[in-house]
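Residue-level listing of the chains:
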Amino acid sequence: MSSNLRKPLIAGNWKMHLTLAESVALARTVKEGSANAPGEIAICVPFTALSVVAEVLKGSPVKLGAQDLHWESHGAYTGEISASQIKDAGAQMTLIAHSERRRLFNETDAAVNKKIKAALAAQLIPVLCIGETLEEREASRTFKVLQTQLEEGLKGFAPTDLAPLVIAYEPVWAIGTGKTATPDQAQEAHLFIRKTCSRLYGEAWASGLRILYGGSVTPENVDSLMSQPDVDGALVGGASLKPVGFLRIVHFQSPAGAKR
Ligand code: PEP
């Protein structure tokens, strides 16, 4: 199910790293080094760095993202940040349901669903992260887990509401572990995700949906992953903090990239 309509997207996830000065320097390097990249580029930074990085990226095609949000627009939710605050700080997108949030902060599919709604209402591009644990893969439950995360996370929307949505397939066993899914494993999961989305919201929406792979993406493996027909980009954690390596990832080379 390949499509020429899907512009590749490489997104960095800085997680809870970098000072403001380091954030500014890295954002500057990404901005300056990303000319002529084959796809779109985004960096998802800590909340505290959104405003300063927005200033650096002003006028650049590099998109700015947050890493999470609260689903309410405002109110007595000490410690939380709303979609409109993220937008106001200069971001255009946000990660939702990263496996670290699901695993360490008990984020449920019901909360994920509300967060997607809030992001869309604030005109932020939601990047919905889904993926199975090693235990689930070994028990042959990968497809079942992905299906539930998609059905519950995307419950109650119309396909037109979901036009900006991006999905990141991130097998939990591959995140931050140095164990990458093989290109065939990634393609198999991405095709399943696209077919499930097609069943849920129609072929037209699903064929335009961008599905990123995340999990120990490096300069060494990005080209083979991006060569798969249903891999439309990458969500990059650790390697997005290393300027030279991240710029090599951003300038991935693949026959699929050339076709798009
Ligand atoms: C991530 O943070 O989404 C991620 C995939 O991390 P890493 O690239 O370090 O595995």
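Coordinates for the structure precede this section.
This write-up is about the structure you can find in this document. Just so we're clear, the structure is a prediction, and the values are computed from it rather than from any experiment. (Residues numbered from 1 in each chain as written. Predicted model: local features only at pLDDT ≥ 70, side-chain atom pairs only at ≥ 80, totals over all residues. Heavy atoms only, no water.)

### Here we look at the site of the ligand
- Lining the immediate surroundings of the ligand are 14 residues, of which Lys15, Glu170, Gly176, Ser216 and Gly237 lie closest.
- Between the ligand and Ser216 there is a distance of 2.8 Å, counted from an oxygen atom to a backbone nitrogen or oxygen.
- In the model, an oxygen atom of the ligand is placed 2.8 Å from a nitrogen or oxygen of the Gly237 main chain.
- Here the ligand loses 96% of its free accessible area of 290 Å² to cover by the protein chains.
- Its residues assigned to classes, the shell around the ligand shows four nonpolar, eight polar and two charged. (Near = heavy atom within 4 Å. Polar contact = N/O pair within 3.5 Å; in protein donor to acceptor, adjacent residues only side chain to side chain. Areas by Shrake-Rupley, 256 points an atom, 1.4 Å probe, with all protein chains shown as cover. Nonpolar A, V, L, I, M, F, W, Y, C, P; charged D, E, K, R; others polar.)

### Examining the packing of helix H1 (residues 20–33) against helix H11 (residues 243–250)
- At a minimum axis separation of 10 Å, H1 and H11 run at an interaxial angle of 35°. At the point where H1 passes H11, the crossing takes the right-handed sense. Contacts between H1 and H11 involve Leu26, Thr29, Val30 and Gly33 from the former and Pro243, Phe246 and Leu247 from the latter.
- A per-class count over the contact of H1 with H11 returns five nonpolar, two polar and no charged. (Axes fitted to C-alpha atoms, helices over the stretch in contact; angles between N-to-C directions. Helix = DSSP H or I, 4+ residues; strand = E, 2+ residues; numbered from the N terminus. Left-handed = near helix turned anticlockwise from the far one by under 90°. Contact = heavy atoms within 4.5 Å.)

### A closer look at the packing of helix H5 (residues 109–121) against helix H7 (residues 142–153)
- Interaxial distance between H5 and H7 falls to 8 Å at its minimum, and their mutual angle equals 50°. Considered as vectors, H5 and H7 are oriented oblique to each other. Regarding H5 and H7, the two cross each other, and that crossing is right-handed. Contact with H5, carried on its side by Asp109, Val112, Asn113 and Ile116, involves Thr148, Gln149, Glu152 and Gly153 of H7 and no other residues of that element.
- Each residue belonging to the contact of H5 with H7 can be placed in one class, and the counts come to two nonpolar, four polar and two charged. (Parallel < 35°, antiparallel > 145°, perpendicular 65-115°, else oblique.)

### Side note on the sheet that holds strand E6 (residues 166–169)
- On the basis of which strands lie adjacent, the closed barrel formed by eight strands has the order E1-E2-E3-E4-E5-E6-E7-E8 and parallel pairing. Pairwise comparison of adjacent strand axes, ignoring direction, gives a mean angle of 25° for this sheet.
- Examined bridge by bridge, strand E5 (residues 125–130) and E6 share four bridges and lie parallel to one another. The residue bridging Ile130 from the neighbouring strand is Tyr169, located in E6.
- Those strands touched by helix H2 (residues 50–57) are strand E2 (40–44) and strand E3 (63–66), and its axis lies near 170° from that of E3. (Pairing = 2+ DSSP bridges.)

### With respect to the pairing of strand E8 (residues 233–236)
- Burial of E8 is two-sided: the residues Gly233 and Leu235 facing one way and the residues Ala234 and Val236 facing the other way are all buried.
- Both strand E1 (residues 9–13) and E8 contribute to a ladder of four bridges, which runs parallel. In the sheet register, Ala11 faces E8, and the bridge partner there is Leu235.
- Bridge count between strand E7 (residues 210–214) and E8: three bridges; the pairing is parallel. Looking across to E8, one finds that Tyr213 is bridged to Ala234. (Buried < 20%, exposed > 50% of the residue type's maximum accessible area, 1.4 Å probe, protein only.)

### Description of the pattern of salt bridges
- Tallying each qualifying case throughout the model produces 16 salt bridges.
- The salt bridge partner of Asp232 is Arg6, with a shortest N-O separation of 2.8 Å. In this pair, Asp232 sits in the loop between helix H10 (222–226) and E8 while Arg6 sits in the segment before E1, placing the two residues 226 residues apart along the sequence. By the burial criterion, Asp232 is buried, and Arg6 matches it.
- The partner of Arg194 in a salt bridge is Asp230, and the shortest N-O contact between them spans 2.6 Å. Placement of the pair is Arg194 in helix H8 (residues 183–201) and Asp230 in the loop between H10 and E8, with a sequence separation of 36 residues. (Salt bridge = Lys/Arg side-chain N within 4 Å of Asp/Glu carboxyl O.)

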